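Structural features, examined
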Amino acid sequence: MSKGSYTVWKDFSFASAHRLPKHMGKCYNLHGHNYKLRVVLQGSNLDKADFLIDFGEISKIVNEAIINKVDHAFIGSKEDMPLDGSQKRYDIDFHSTAENLTKHFYGILFMHYGELLKEVTLWETEKSGATYTELF
């Protein structure tokens, strides 16, 4: 008998501002997105309640570890966009492209889920985004 696996996902949304200082197009300027974040978990074993992981537990972890920190915040470095201190910000030491943010969020969530974490996808718009996964 073959051994299968289960895949579950949960979607989240947040609004944030950022800019891409290395981009010579319009994204060089400060702008915002209504982001959609998808967290995908995969594994072969269900728990005693027949869940790979409870959706409520996914929500709790992702909201505390990411969403509450980035929602309605400026995402970027202090050097890139000095603010007066009254604005909410999420400081990073890399450029806030969708590719870099998915890898960053993956790293945060890997600390909670380990190898159950399959991938993280981030949509900047309804039509564009990026996915990051580790290759084990």
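Okay, so let's go over this structure. (Residues numbered from 1 in each chain as written. Predicted model: local features only at pLDDT ≥ 70, side-chain atom pairs only at ≥ 80, totals over all residues. Heavy atoms only, no water.)

**Focus: the sheet that holds strand β2 (residues 31-43)**
Ordered in space as β4-β3-β1-β2-β5-β6, the 6 strands form an open sheet in which the pairing is mixed. Edge positions in the open sheet fall to β4 (89-91) and β6 (128-132), since each of these has one partner strand only. Going across the sheet, the axis of each strand differs from the next one's by a mean of 30°, ignoring polarity. Examined bridge by bridge, strand β1 (residues 6-18) and β2 share 13 bridges and lie antiparallel to one another. (Pairing = 2+ DSSP bridges. Helix = DSSP H or I, 4+ residues; strand = E, 2+ residues; numbered from the N terminus. Axes fitted to C-alpha atoms, helices over the stretch in contact; angles between N-to-C directions.)

**Regarding the packing of aromatic side chains**
Scanning the model with the defined rule gives 4 aromatic pairs in all. An angle of 20° between the planes, with centres 4.9 Å apart, marks the rings of Phe14 and Tyr35 as stacked. Within this pair, whereas Phe14 is found in strand β1, its partner Tyr35 is found in strand β2, the two being separated by 21 residues in sequence. In terms of burial, Phe14 and Tyr35 fall into one category: buried. Relative to Phe110, the ring of Tyr106 lies with its centre 6.2 Å away and its plane at 15°, an arrangement referred to as stacked. Here Tyr106 pairs with Phe110, and both are found in helix α2 (residues 98-113), just 4 residues apart, close to one helical turn. Residue classification places Tyr106 among the buried positions, given a relative accessible area of 2%. Since its relative accessible area comes to 30%, Phe110 is described here as partly exposed. Ring pairing ties together the aromatic residues Phe14, Tyr35 and Phe105, which thus form one cluster. Positioned above the aromatic ring of Tyr28 is the side chain of Arg19, whose terminal nitrogen or guanidinium carbon lies 4.4 Å from the ring centre. Between Lys36 and the ring centre of Trp123, over which it is positioned, the NZ or CZ distance is 4.3 Å. (Phe/Tyr/Trp six-rings, centres within 6.5 Å; stacked < 30°, edge-to-face > 60°. Buried < 20%, exposed > 50% of the residue type's maximum accessible area, 1.4 Å probe, protein only. Lys NZ or Arg CZ within 6 Å of the ring centre and 35° of its normal.)

Keep in mind that these numbers describe shape and distance, not what the molecule does.
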